[in-house]
Every structure is written in C-alpha cells, then in structure tokens.
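# Breakdown of the fold
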Amino acid sequence: MDRAEKSQLVEDLGSVFNDTGVVVVAHYTGLTVAEMTTLRARMRDVGASVRVAKNRLVKLALKGTDVEHISDLFQGPTVLAYSADPVAAPKIAVEFAKGNEKLVVLGGAMGTTSLDPEGVKALAALPSLDELRGKLVGLMAAPATQIARVLSAPAGQVARVIGAYADKDEAA
C-alpha cells in the first residue's frame, strides 16, 4: 500500500468515525475467511459494515473525531463494526461473538460516549430502530381504533332504539 492509498484510507476511516452512530471494536484472531464473510454478510443485512485496517492508520483517522477516546482499544488484530443505527452493529457483533469465541468484543463508542464490552452488550439488548418504529406505530394506531369504536357505539345504539320503536309501531 503506497502513501496515497494510506492517506485515502485514513480519510475514509475519519469519515466513518464522524458519520456513524456507533463503532464496535473487537479482536478477531483465528476467524476463518468463511466466518469473516458470514459476519460481513450479517452486518450488511442490517445496514452495518465491518472493516479491518492497520491499527496505526486507524489511530491516525481517530484524531480530531468524537470517538478519539477509543484509540487505546486498537492493539492486536482488531476489526471495526459500525452502523448509523446505534443498535445494529452491536447486536450482530454480540450475537456472532456468542456463537464464535474467536471474536472478542473489546468495546466501542457511541458519539462521545465510550463503551466497555458490557456497554456494547447492553446496546445489543435494545430493540432496533425499525422495531421501535413498529411499536410506536402500533401504539399510535391502537387509540385511534378504540376512539372509532367508542364513537360508533352510541350511533349503533341509537339506530337499534329507533329500529325497536319502528318495530313497535308496526306491530300496533
């Protein structure tokens, strides 16, 4: 990799650190190419990304960003998982680490907040942005249907009373 490619990589990583909602750092010693491909595919399915880069270049890219405080995590063979959704990347990383002990979550960052491994696991336990949106829509739709039922019930009762009086008059 020549100097121009390195500076481009540092610039790309800097934009990743500035534009993403969450960054997860993990060790990946011993992962096979197939396992890494599986991890990348699962991340891609939820809108997250995985990247492996030299620690020295990552530390250069971290300078001047909100997540600069995680630079001490970059020792040894590290992999970055990041996403705009603050739950997507941690959720997949933690699930993958449960099934494969070769991936060890070291920590991460969400904005200016530093996350230890337990913090990443706590984020992974939260519902995703899409799940939260679905729940909100369900909660907002439920009162509307209940209001419609309440408003239509008196009208139905009035119609039944009028119908009963009409039947009574016909019988007489």
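These lines cover the structure that appears in this document, whether it is placed above or below. Just so it is clear, the model here is predicted, and its values are computed rather than measured.

What follows covers the overall build of the protein chain. Each helix and strand counted, the protein chain has 6 helices and 5 strands in total. Moving toward the C terminus, one meets the helices and strands of the protein chain in the order α-β-α-β-α-β-α-β-β-α-α. Against the compact-globule benchmark of 16 Å for 172 residues, the protein chain has a radius of gyration of 27 Å, which places it well outside the compact range. The principal-axis extents of the C-alpha atoms in the protein chain amount to approximately 100 × 35 × 25 Å. Classification of the 172 residues of the protein chain by burial places 33% in the buried group.

Inspection of the secondary structure puts Lys91 in helix H4 (residues 88-99). Not counting residues up to four positions away in its chain, the partners in contact with Lys91 are Ala124, Leu126, Pro127, Ser128 and Glu131.

Let us look at the pairing of strand S1 (residues 22-27). Side-chain direction in a regular strand flips from residue to residue, so the side chains alternate between the two faces of the sheet. Of all 6 residues in S1, 5 are buried; the element is thus mostly enclosed. Where S1 and strand S3 (residues 78-83) come together, 6 bridges link them in antiparallel fashion. Bridge pairing links Val25 to Leu80 in S3. In this sheet, strand S4 (residues 104-110) lies alongside S1 in antiparallel orientation, the contact comprising 5 bridges. Residue pairing across strands places Val23 opposite Ala109, the latter belonging to S4.

With that settled, consider the sheet that holds strand S5 (residues 113-115). Reading across the sheet, the 5 strands line up as S2-S3-S1-S4-S5 and stay open at both edges, with antiparallel pairing between neighbours. The two strands at the open ends of the sheet, each matched to only one other strand, are strand S2 (48-51) and S5. When strand polarity is set aside, the average angle formed by the axes of neighbouring strands in this sheet is 15 degrees. Here S2 runs beside S3; their pairing, made up of 4 bridges, is antiparallel.

With that out of the way, let us pick up the nonpolar core. In terms of nonpolar packing, the biggest core is built from 23 residues, with Val24, Leu39, Met43, Val79, Ala89, Leu103 and Val120 touching the most fellow members. Those elements that place two or more of their residues in this core are S1, helix H2 (33-45), S2, S3, H4 and helix H5 (117-125). A total of 6 residues in this core trace back to one element, the largest contributor, which is H4. Among all residues touching Leu103, those that are not within four sequence positions of it are Ala26, His27, Tyr28, Leu31, Leu39, Val79, Ala93, Phe96 and Ala97.

Where S4 meets S5, 3 bridges bridge the pair, whose relative direction is antiparallel. Bridge assignment links Ala109 to a residue of S5, and that residue is Ser114. Between S4 and S5, which follow one another and run antiparallel, lie 2 residues, and Gly111 among them has a positive phi close to 65 degrees.

We now examine H2. Helix length check: H2, at 13 residues, gives a terminal C-alpha distance of 18 Å against a target of 18 Å (1.5 Å per residue), a fit within 8%. What H2 keeps buried is the set Met36, Leu39 and Met43. The buried residues of H2 occupy an angular sector of 60 degrees when the element is viewed end-on, so they sit on one face. Facing away from the buried side of H2 by over 90 degrees, the exposed positions are Val33, Ala34, Arg44 and Asp45. Where H2 is buried, its residues touch S2, S3 and H4. Just downstream of H2, Gly47 is the residue with a positive phi angle, here 85 degrees.

Criteria and thresholds
Residues numbered from 1 in each chain as written. Predicted model: local features only at pLDDT ≥ 70, side-chain atom pairs only at ≥ 80, totals over all residues. Heavy atoms only, no water. Helix = DSSP H or I, 4+ residues; strand = E, 2+ residues; numbered from the N terminus. Rg over C-alpha atoms; globule rule 2.2 N^0.38 Å. Buried < 20%, exposed > 50% of the residue type's maximum accessible area, 1.4 Å probe, protein only. Contact = heavy atoms within 4.5 Å. Pairing = 2+ DSSP bridges. Axes fitted to C-alpha atoms, helices over the stretch in contact; angles between N-to-C directions. Core = buried A, V, L, I, M, F, W, Y, C linked by side-chain atoms within 4.5 Å. Expected span 1.5 Å × (residues − 1). Arc of directions from axis to C-beta.

Without other data, these values stay purely geometric and don't point to any function.
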